[in-house]
Amino acid sequence: MAGRVVIDEAFFARGVVQVARELIGCVVRHDGAAGRIVETEAYHHDEPASHSFVGRTARTATLFGPPGIAYVYRSYGIHALLNAVCEDEATGAAVLIRALQPLDGLAAMRARRGMQDVEALCSGPGKLTQALAVELEHNGTSLLDGPVRIEPPPAGTSAPELVAGPRIGITKATDLPWRFSQAGSRYVSRPWPARTARGRAA
DNA sequence: CATGGGATTGACT
DNA sequence: GTCAATCCCATGC
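In this numbering scheme, every chain counts its residues from 1 along its sequence in written order. Following the order in which they are written, the chains are lettered starting with A and the ligands numbered starting with 1. Only residues with pLDDT of at least 70 are given local features in this predicted model, and only at 80 or more are side-chain atom pairs given and counted; all residues enter the totals for whole chains, interfaces and linings. Hydrogens and waters are ignored; side-chain quantities use all the structure's heavy atoms.

Focus: the nonpolar core
Across soluble globular proteins, nonpolar side chains show a tendency to be buried alongside one another.
Next up, step 1: The biggest cluster of nonpolar side chains holds 35 residues, and the ones touching the most others in it are Phe-12, Leu-23, Leu-82 and Ile-150.
Next up, step 2: Only DSSP runs of H or I reaching four residues or more are called helices, and only runs of E reaching two or more are called strands; each is numbered from the N terminus. Those elements that provide at least two residues to this core are helix H1 (9–13), helix H2 (16–22), strand S2 (33–43), strand S3 (70–75), strand S4 (79–86), strand S5 (93–104) and helix H4 (125–132).
Next up, step 3: In contact with Ile-150, other than residues within four places in its own chain, are Ile-7, Phe-12, Leu-23, Cys-26, Val-27, Val-28, Ala-84 and Leu-143.
Next up, step 4: Tyr-43, Leu-63, Tyr-73 and Leu-81 belong to the second largest nonpolar core, which has 12 residues in total. Nonpolar cores were defined as sets of buried Ala, Val, Leu, Ile, Met, Phe, Trp, Tyr and Cys residues, with membership established by side-chain atoms within 4.5 Å. Burial classes: relative accessible area under 20% of the type maximum marks a residue as buried, over 50% as exposed, and values in between as partly exposed (1.4 Å probe, protein chains only). Here a residue-residue contact requires only that any non-hydrogen atoms of the pair lie within 4.5 Å.

Right, dumping it as structure tokens:
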């Protein structure tokens, strides 16, 4: 009971950074496959790296929907990226799911990815959507009771130790430490630098 | 209506 | 380390 996370609309309605931290350890499930979230990034309306920064358009309309729905978009013409919409409908905030530790449906994941290495099946935002067969058609569907679901951490799993750092692959607002991952996980999209990304060691 | 860029990945030097 | 692949859509004329 104590410490047990409940995934409902109120969970996603809170601050996007808080949600990004608490999603580490939760489970994403779709079409016979599931994985534990080991890496996320937060995106908020008020910073230029976010798609919603330009305001509500045909592309970003989903970001201005209710909390707890999926925002799926195509990146570089090839990859579908999965986000969870957070806060309220006026905000346009979302958490990008960047990496999973495969749990169930390993055979299905390997078939969809066309490779075997379990550490590379879901170690990136474009990889995990391919492994779970998440497509653009899931844009706007509910993550609470839709085809693609986010579930609480399995009972008995302890709270993961978190690492925070700057976000990856963006050209704006790169100073915000809004990337979170499970410390020491071998399933993240990119390893963390030996010295902290904050320049601590200099 | 034409153009340019992107929250990436995989293959190659 | 470098670079191409390839779709959607925001922006500008």
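Some thoughts on the confidence of the model for chain A
Next up, step 1: The quantity called pLDDT is the predictor's confidence in a given residue, expressed from 0 to 100. On average, chain A scores 93 in pLDDT, and the residues at 70 or more come to 94%.
Next up, step 2: Segment residues 197–202 is flagged for pLDDT under 50; beyond a separation of four residues in sequence, or across chains, it makes three contacts in the model.

Structural notes on the protein's contact with DNA strand C
Next up, step 1: For DNA strand C, the full set of nearby residues is Val-54, Thr-57, Ala-58, Arg-59, Arg-74, Tyr-76, Gly-77 and Ile-78.
Next up, step 2: Sugar and phosphate atoms constitute 64% of the interface atoms of DNA strand C, taking the interface as everything within 4 Å of the protein.
Next up, step 3: Throughout this description, a polar contact denotes any pair of N or O atoms lying within 3.5 Å of each other; where both atoms belong to protein, one of them has to be capable of donating a hydrogen while the other can accept it, and for residues adjacent in sequence the pair is counted only when both atoms sit in side chains. Between DNA strand C and the protein, one listed contact pairs a phosphate oxygen with a side-chain N or O atom of Thr-57 at 2.6 Å.
Next up, step 4: Contact between DNA strand C and Gly-77: a sugar or linking oxygen at 2.9 Å from a main-chain N or O atom of the residue. Only a single heavy atom is needed: when it lies within 4 Å of a molecule or strand, its residue is near that molecule or strand.

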